[in-house]
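Chains, contacts and geometry: an overview
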Amino acid sequence: MACARNRTEPVIREMVAEVAVIGSGPGGAVTAMLCAEAGKSVLLVEEGQNLPLHWPEHFSRDEILHKYRNAGVNVALGSTQIAYVEGCCVGGGSEVNRGLYYRTPSYVLDAWRKDFDVRYLSSDELMPHFTECEAIARVEYLPCEASAISKRLYEGAMNLGWHAIEAPRLYSYGGRGGSKQSMSETFVPRFLKAGGRLIADTAVRRLSRQEGKWRLDAIHTPTHGPSQRVEISADKVFVACGAVQTPALLRRSGLRKNIGNSLRFHPMLKVVAEFDYEVNDPGDFDPVHQIKEFEPHFGMGCSISKQPMLALTMAGRPDCLAYVEHRWRRMGIYYVQTTGGCATIRNLPFFRDPLVRVRHSEWDLHHYAEGLKRLSEALLAAGAIAIYPAAPEYPVLRSMADLRKLPENLPNGSGNLTSVHVFSSCPMGENEALCATDSFGRVREADGLYIADASLLCGPTIVNPQGTVMAVAHRNATHAIENRFA
Amino acid sequence: MKSKSPQLHEKCVRALADTLVRMERPEKDGRENMVSVVGFLFATQARMPDHLRFAFRILTLVFDAWPYATTGKPFHRLDLPRRIDQVERWKRSRLAFRQGLIAFYRSFVIFGLYSELSKQDADRGMRAKQD
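Residues numbered from 1 in each chain as written. Chains lettered and ligands numbered in written order. Predicted model: local features only at pLDDT ≥ 70, side-chain atom pairs only at ≥ 80, totals over all residues.

1. A closer look at the overall build of chain B
What counts here: Where helices and strands are cited, they refer to DSSP runs of H or I of at least four residues and of E of at least two residues respectively, numbered from the N terminus. Field definition: a residue is buried when 20 or more other C-beta atoms are found within 10 Å of its C-beta, exposed when 12 or fewer are, and partly exposed for counts in between, with C-beta atoms placed from the backbone. A pair of residues counts as a contact when their C-beta atoms, built from backbone coordinates, are separated by no more than 7 Å.
Scanning chain B from terminus to terminus reveals six helices and zero strands. In chain B, the succession of α and β elements from N to C terminus is α-α-α-α-α-α. The buried share of chain B, taken over its 131 residues, is 32%. The long-range fraction of contacts in chain B, counting pairs at least 24 apart against all pairs at least 6 apart in sequence, stands at 63%.

2. Topic: the overall build of chain A
Note the threshold: The globule rule used here is 2.2 Å times the number of residues to the 0.38 power, and the radius of gyration it is set against is calculated over C-alpha atoms.
Within chain A, the secondary structure is distributed over 12 helices and 22 strands. Relative to the globule expectation of 23 Å for 486 residues, the C-alpha radius of gyration of chain A, 22 Å, shows essentially globular dimensions. Taken across its 486 residues, chain A has 57% of its residues classed as buried. Relative to all contacts within chain A whose residues are 6 or more apart in sequence, the contacts with residues 24 or more apart total 74%.

3. Things to note about the domain arrangement of chain A
Residue and element names in this part refer to chain A. Applied cut-off: The split into domains, and so the bounds of each, comes from an automatic or database assignment of domains. For this classification, Asp, Glu, Lys and Arg are treated as charged, while Ala, Val, Leu, Ile, Met, Phe, Trp, Tyr, Cys and Pro are nonpolar and the rest, including Gly, are polar.
Looking at chain A, the domain boundaries give domain 1 (14-69 + 88-99 + 102-138 + 182-259 + 423-482) and domain 2 (148-175 + 267-419). Centre-to-centre separation of domain 1 and domain 2, based on C-alpha positions: 29 Å. Each side of the interface is counted separately: domain 1 has 16 residues, and domain 2 has 18 residues. In terms of residue count, helix α7 (residues 245-252) provides more of the side of domain 1 that touches domain 2 than any other element does, four residues in total. Of the residues in the side of domain 1 that touches domain 2, the class split is eight nonpolar, three polar and five charged.

4. Some thoughts on the interface of chain B and chain A
Between chain B and chain A, the residue contacts involve 19 residues of the former and 21 residues of the latter. For the side of chain B that touches chain A, the element with the most residues is helix α6 (residues 96-130) of chain B, which contributes nine residues.

5. Section: the sheet that holds strand β21 (residues 422-423) of chain A
Heads up, the condition is: Note on pairing: two strands pair once DSSP finds at least 2 bridges between them.
The antiparallel open sheet is built from four strands, whose spatial order is β18-β17-β12-β21 (chain A). Every other strand in the sheet has two partners, leaving β18 (355-359) and β21 of chain A as the edge strands with one partner each.

6. With respect to helix α12 (residues 466-482) of chain A
The periodicity of an α-helix, 3.6 residues per turn, causes residues three or four positions apart to be oriented the same way. All names here are of chain A. Formally: Helices are assigned an expected span. That span is 1.5 Å times one less than the residue count.
Across its 17 residues, α12 extends 24 Å between first and last C-alpha, which sits within 8% of the 24 Å expected from 1.5 Å per residue. With 13 of 17 residues buried, α12 is to be regarded as a mostly interior element. Count one or two residues on from α12 and you reach R484, which has phi positive near 50 degrees.

7. Describing the packing of helix α1 (residues 26-37) of chain A against α12 of chain A
Residue and element names in this part refer to chain A. Rule in force here: Only the contacting stretch of a helix is used when fitting its axis, a line to C-alpha atoms as for every element, and angles between N-to-C directions run 0 to 180 degrees. An angle below 35 degrees is read as roughly parallel, one above 145 as roughly antiparallel, one from 65 to 115 as roughly perpendicular, and any other as oblique. For any helix crossing, the convention is left-handed if the near helix is rotated counterclockwise from the far helix by under a right angle, and right-handed if that rotation is clockwise.
Where α1 contacts α12, the two axes come as close as 8 Å, and the packing angle between them is 30 degrees. Relative to α12, α1 is oriented roughly parallel. The two elements α1 and α12 cross, and the hand of that crossing is right-handed. Taking contact as the criterion, the partners of P26, G27, V30, T31, L34 and C35 in α1 are, on α12, Q466, V469, M470, A473, H474, A477, T478 and I481. Residue composition of the contact of α1 with α12, by class: nine nonpolar, five polar and no charged.

8. Some details on the pairing of strand β11 (residues 228-239) of chain A
Two faces make up the sheet, and in a regular strand the side chains alternate between them. All names here are of chain A. Note: strand β1 (residues 14-22) against β11, eight bridges, orientation parallel. Looking at β11, one finds that A17 is bridged to A234. When β11 meets strand β22 (residues 449-451), the two strands line up parallel, connected through three bridges. Within β22, the residue paired with V237 across the bridge is L449.

9. Considerations on the packing of helix α5 (residues 148-160) of chain A against helix α10 (residues 362-381) of chain A
Residues and elements named next belong to chain A. Close contact between α5 and α10 brings their axes to 7 Å; oriented N to C, the two are set at 95 degrees. Classified by the angle between their axes, α5 and α10 sit roughly perpendicular to one another. Along its contact with α5, which presents L153, G156, A157, N159 and L160, the element α10 presents E377, A378, L379 and A381. Classifying every residue of the contact of α5 with α10 by side-chain character gives six nonpolar, two polar and one charged.

10. Focus: the environment of E393 of chain A
Residue and element names in this part refer to chain A. In this structure, E393 sits in the loop between β19 (386-389) and α11 (400-404). By C-beta crowding, E393 is classed as partly exposed, having 13 other C-beta atoms within 10 Å. C-alpha separation for the pair E393 and E155, spaced 238 residues apart in sequence, amounts to 28 Å.

11. A closer look at helix α2 (residues 34-47) of chain B
Residue and element names in this part refer to chain B. Definition in use: The arc in question is the one spanned by the directions pointing from the helix axis to the C-beta atoms.
End to end, α2 covers 20 Å across 14 residues, agreeing with the expected 20 Å (1.5 Å per residue, within 8%). Here α2 has its buried residues at V37, F40, L41, T44 and Q45. Axial view of α2: buried residues confined to an arc of 130 degrees, hence all on one face. Those residues of α2 that are exposed and angled more than 90 degrees off the buried face are V35 and A46.

12. What to know about unusual backbone geometry
All names here are of chain A. P56 follows W55 through a cis peptide bond whose omega is -5 degrees. Locating P56 in the fold gives a position in the loop between β2 (42-45) and α2 (61-67). Not every positive phi belongs to a glycine, and F59 is a case in point at roughly 60 degrees. Phi is positive for E211, close to 50 degrees, though the residue is something other than glycine. Checked against the element boundaries, E211 lands in the loop between β9 (202-210) and β10 (213-220). By C-beta crowding, E211 is classed as exposed, having 6 other C-beta atoms within 10 Å.

Below, the structure written as structure tokens:
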């Protein structure tokens, strides 16, 4: 195993900083870097391990065990469940995602300003923050032809006259194989260079206010060696543990107003499409094409289609699973991504992990079903000979006639919704009936306490949210520093 | 201190994983992958949310004890045809918790198994290139 790029501090029983940032994902890393570069003494506290970007192998079984929270087994319970994943390592979700990158659509920001009364959040006002982040974590388009899996989706859309695009990625394609622009490769090294201190394997369990300072009760659990309790004292605290863990921590610490009541997702339904020629080459770059025709209701794209992922997507179809072993090179995984579902996050007595409960409206169930139909239509137009929806209630689809027989709504209880994006559990804004923080992420009635992750976003971003998380964190940290945290 | 013999839960998970692998690949001997697949299952269980882990542990023990009434043996001591029969019954049950238990183990066994197959494919490819 290679060494991690970033150096961590030795963890001792009592640690002190001017600013503590909990969580080193896109929100936390950006915030920590700005505070350190502003001359503050900053301690960045990460619950997961400090691991090299390229170890374990991307999208492998070992990566899931070492870099995903709870080994990727997270479920929002309800009549129709959503399985979701979050990163848990230095760099957070940016280490395990594909890094597809977008700036927030202006219509999304308009809605947030209108419904949540978020001040100073127009596209123009957010633009400098996007630009600053993009100067540190590079965003590039593929310099060569996209993979066959990716191009099939694009061609299907073109054949139907639908709007489709190639998405850029947080990726630097120069050099041998290129390099993903995750937080551990970009913002975290710059944070350390500015004098910041990083500790890993350290989970903050509770926050409390004592004698004008924040006290963080944490447990340090190194891979080798015994656990130890740690007390961190800080003047200011930014919580950036992700949209599920941030409200869980705040609620455990006695802060509950509009916290953990409105978790949102980008629920996905997946299908495996089979073609009559090879489309799946393990050496290809990750797929990048997306269909935008039906946004904001739903979008479509291609997933990583390694053999184990194909098998998992086909797991609900015992009769067809064996095809994966011999025909996987002709197969690709595609998804339709919507905005449905709204969940609550609550801590349970005697348990560490929070309970997430989700509900869906009829409108949501209709859009899942409609999205799946449209995705299948695009894939048939791309030349797919068979489409295997992950939802086992659906038949194998081979023609437009098959699509016309599909139900109007996703059957309640379908167990195949997944999400790789979670947000909106502690929305920002001046609308006090809905929002957990002010327009810049400061928690109301808690002096010197801020939220700095996807929890703050007022709703689904429709597009991949990492760019929005980074830009909003950049905006809010800049505001706090310029106002001396007043 | 851990006892020398594996606990009931562990014995049941091993037997269930073995059954699921043989059901997925009846024509092949999947035993060469069992250590790795079972290791992945245990590692996943150890990391999953604690309230889900607790619920699955209880359910797994119920699953193991289920055939006592009819056979006088727990699941992990049944022969393969009877184990397959019990898995099929739970998989097709109308009770969501029974379906859910099998779906959970099956998903992770399939992912673990195909990860091994994929690795073996890649290794064979590497060797072929070197030759």
